[in-house]
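Fold and contact review
What follows is each chain in one-letter form.
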Amino acid sequence: MATRTSKKSLPSRERAGVPAPRAEGQAAAQREKPRSAREVRSAARREAILAAALDEFSAQGFAAARLDDVAKRAGVAKGTIYLYFADKETLFQELVRSMLTPVIGKFEALALIDIPFSDLAERLVDVAVREVFNSRRKDIIRLIISEGPRFPAIAEFYYREVLSRVFSALQQILQRAFDRGEIRHRGLVAFPQLLAAPVLVGIVWTSLFDKQAPLDARAMLKAHVDILLDRGSES
């Protein structure tokens, strides 16, 4: 004789209509299906176009760069670019966004860390050197400096997407340091550009004079922090 299972004998989760853990896991797995081979190829093609665009913009500048040459570098037909990007300006903007958004996030995360400014400044230096100077991101910033005056839309985009967020994070850091008496000059809070200025100086310097006088970016930035904190060189 078959034994009937009463509703009362069921686990409480099942009586309430809640799936068992295994069922929940299966449902989650179904929701998070791996990307198809087609999706993987499409993503790889997009990344190849962005990488080729970085090389072409760096070599030619924004004005002279041609989508035909970007396509050749990426190993795709020119028409393929338009499947992902509306035009050259859109391609450049997405290149800026994809490359710089991760490092912006690092600066914003640092602004939320409540530690002494001297320690936080060391972390800022490390991020700037590792994520900017020692990466292709410096090429993007150099392009903005050189091309921005001729293409205001590019400069406006860069300010909105990058600089406004970076300076907001730096201002938050500097305001907290000033309130604690860790820095003495209110001007640093009003002009966070003063904290970031050596990064731009370093990018311009290495672009023009790296062969004649290579720059130790980390040492320069640390010297800048020492000056801001009125610390002697022995520290």
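Each chain carries its own residue numbering, running from 1 in the written order of its sequence. Confidence filtering applies because this is a predicted model: local features only for residues at pLDDT of at least 70, side-chain atom pairs given and counted only at 80 or more, and all residues used for totals across whole chains, interfaces and linings. Hydrogens are left out, water is left out, and the side-chain values use all remaining heavy atoms of the structure.

1. Here we look at the layout of surface pockets
- With a 1 Å grid spanning the protein atoms alone, the term cavity applies to any set of points in which a 1.4 Å probe fits but cannot get out, the term pocket to an open set with protein on both sides within 12 Å along at least five of seven lines, and the term lining residue to any residue with an atom within 4 Å of a point. Grid points are joined across faces, edges and corners, and a volume is the space filled by probe spheres set on the points. In this model, the largest pocket occupies a volume close to 500 Å³.
- For the largest pocket, the lining is made up of 27 residues, of which Phe107, Val166, Leu170, Ala196 and Val199 are closest to its centre.
- Listing elements by their share of the lining of the largest pocket, those giving two or more residues are helix H6 (88–111), helix H7 (117–133), helix H8 (137–147), helix H9 (152–179), helix H11 (193–209) and helix H12 (217–228).
- By residue class, the composition of the lining of the largest pocket is 25 nonpolar, two polar and no charged. Strands are runs of DSSP state E lasting at least two residues, helices are runs of H or I lasting at least four, and both sets are numbered from the N terminus onward. All amino acids are sorted into three groups, where Ala, Val, Leu, Ile, Met, Phe, Trp, Tyr, Cys and Pro are nonpolar, Asp, Glu, Lys and Arg are charged, and the leftover types, Gly among them, are polar.

2. Section: a nonpolar patch on the surface
- On the surface, Ile145, Leu200, Val204, Trp205, Leu208 and Phe209 cluster together to form a nonpolar patch covering roughly 520 Å² of accessible area.
- Take Leu208: it is sitting in helix H11.
- Overall, the relative accessible area of 54% leaves Leu208 in the exposed class. Exposure above 30% relative accessible area and no salt bridge define the residues that can form patches, which grow by joining like charges within 9 Å and nonpolar side chains of Val, Leu, Ile, Met, Phe, Trp and Tyr within 5 Å. Using a 1.4 Å probe, accessible areas were evaluated by the Shrake-Rupley method; residue-level cover was limited to the displayed protein chains. Any Lys or Arg side-chain nitrogen found within 4 Å of a carboxyl oxygen on Asp or Glu counts as a salt bridge. Under the scheme applied here, a residue whose accessible area is under 20% of the maximum for its type counts as buried, over 50% as exposed, and between as partly exposed, the area being computed with a 1.4 Å probe on protein chains only.

3. Things to note about H11
- Across its 17 residues, H11 extends 23 Å between first and last C-alpha, which sits within 8% of the 24 Å expected from 1.5 Å per residue.
- Three or more residues of H11 are buried, namely Leu195, Ala196, Pro198, Val199, Gly202, Ile203 and Thr206. Axial view of H11: buried residues confined to an arc of 135°, hence all on one face.
- In what follows, residue pairs with any heavy atoms lying within 4.5 Å of each other are defined as contacts. On the buried face of H11, the contacting elements are H7, H8, H9 and H12. Every helix has an expected span of 1.5 Å times one less than the residues it contains. Within this analysis, the arc is defined by the directions that extend from the helix axis to the C-beta atoms.

4. Remarks on the confidence of the model for the chain
- Per-residue pLDDT for the chain has a mean of 88; in total, 85% of the residues score no lower than 70.
- As a per-residue measure, pLDDT reflects the predictor's confidence and takes values from 0 up to 100. Every residue in residues 1–25 scores below 50 in pLDDT, and together they form 11 contacts with partners more than four places removed in sequence or on other chains.

5. Describing the packing of H7 against H12
- Two elements in contact, H7 and H12, have axes whose closest approach is 10 Å; the angle formed by their N-to-C orientations is 155°. In terms of axis orientation, H7 runs roughly antiparallel to H12. Relative to H12, H7 is oriented so that their crossing is right-handed. The residues of H12 that touch H7, namely those facing Ala121, Glu122, Val125, Asp126, Ala128, Val129 and Phe133, are Ala217, Arg218, Leu221, Lys222 and Val225.
- When the residues that make up the contact of H7 with H12 are grouped by side-chain class, the tally is eight nonpolar, no polar and four charged. Helix axes are fitted only over the stretch in contact, all axes being lines through C-alpha atoms; the angle between N-to-C directions runs from 0 to 180 degrees. An angle counts as roughly parallel when it lies under 35 degrees, as roughly antiparallel when it exceeds 145, as roughly perpendicular when it falls between 65 and 115, and as oblique in every other case. Crossing handedness is defined as follows: a turn of the near helix away from the far one that is anticlockwise and smaller than a right angle gives a left-handed crossing, while the clockwise case is right-handed.

6. What to know about unusual backbone geometry
- Phi angles above zero are rare outside glycine, and Asp230 is one such case at about 55°.
- Relative to the helices and strands, Asp230 is located in the segment after H12.
- The partly exposed category is assigned to Asp230, whose relative accessible area is 48%.

7. Focus: the pattern of salt bridges
- Tallied over the entire structure, the rule returns 21 salt bridges.
- Between Glu161 and Arg97 there is a salt bridge, and its shortest N-O distance comes to 3.6 Å. With Glu161 in helix H9 and Arg97 in helix H6, the pair connects residues that are 64 residues apart, well separated along the chain.
- On the accessibility criterion, Arg97 (31% relative accessible area) is partly exposed.
- Put simply, Asp126 and Arg218 hold a salt bridge, and the shortest N to O gap is 3.4 Å. Here Asp126 is found in helix H7, whereas its partner Arg218 is found in helix H12, with 92 residues between them in sequence.
- Members of the salt-bridge network, linked through shared partners, are Arg46, Glu94, Arg97, Glu156, Arg160 and Glu161.

8. Concerning the packing of aromatic side chains
- Only the six-membered ring of Trp is used, alongside the rings of Phe and Tyr, when aromatic pairs are assigned; centres must lie within 6.5 Å, and planes under 30 degrees apart are stacked while those over 60 apart are edge-to-face, with the rest tilted. Under the definition given, this model contains six aromatic pairs.
- On the basis of an interplanar angle of 40° and a centroid distance of 6.3 Å, the ring pair of Tyr84 and Phe85 is categorised as tilted.
- In this arrangement the basic side chain of Lys88 is found over the ring face of Phe62, its NZ or CZ atom lying 4.7 Å from the centre. Our definition puts a charge over a ring when NZ of Lys or CZ of Arg is within 6 Å of the ring centre and also within 35 degrees of the ring normal.

9. Quick look at the side chain of Asp139
- Mapped onto the fold, Asp139 is located in helix H8.
- Taking the relative accessible area as the measure of exposure, Asp139 reaches 10% and is therefore buried.
- Whenever a nitrogen or oxygen atom comes within 3.5 Å of another N or O atom, the pair is scored as a polar contact, on the condition that within protein one atom can donate a hydrogen and the other can accept it, and that pairs from neighbouring residues in sequence are kept only if both atoms are in side chains. Of note is the side chain of Asp139, whose polar atom sits 2.9 Å from the side chain of Arg142.

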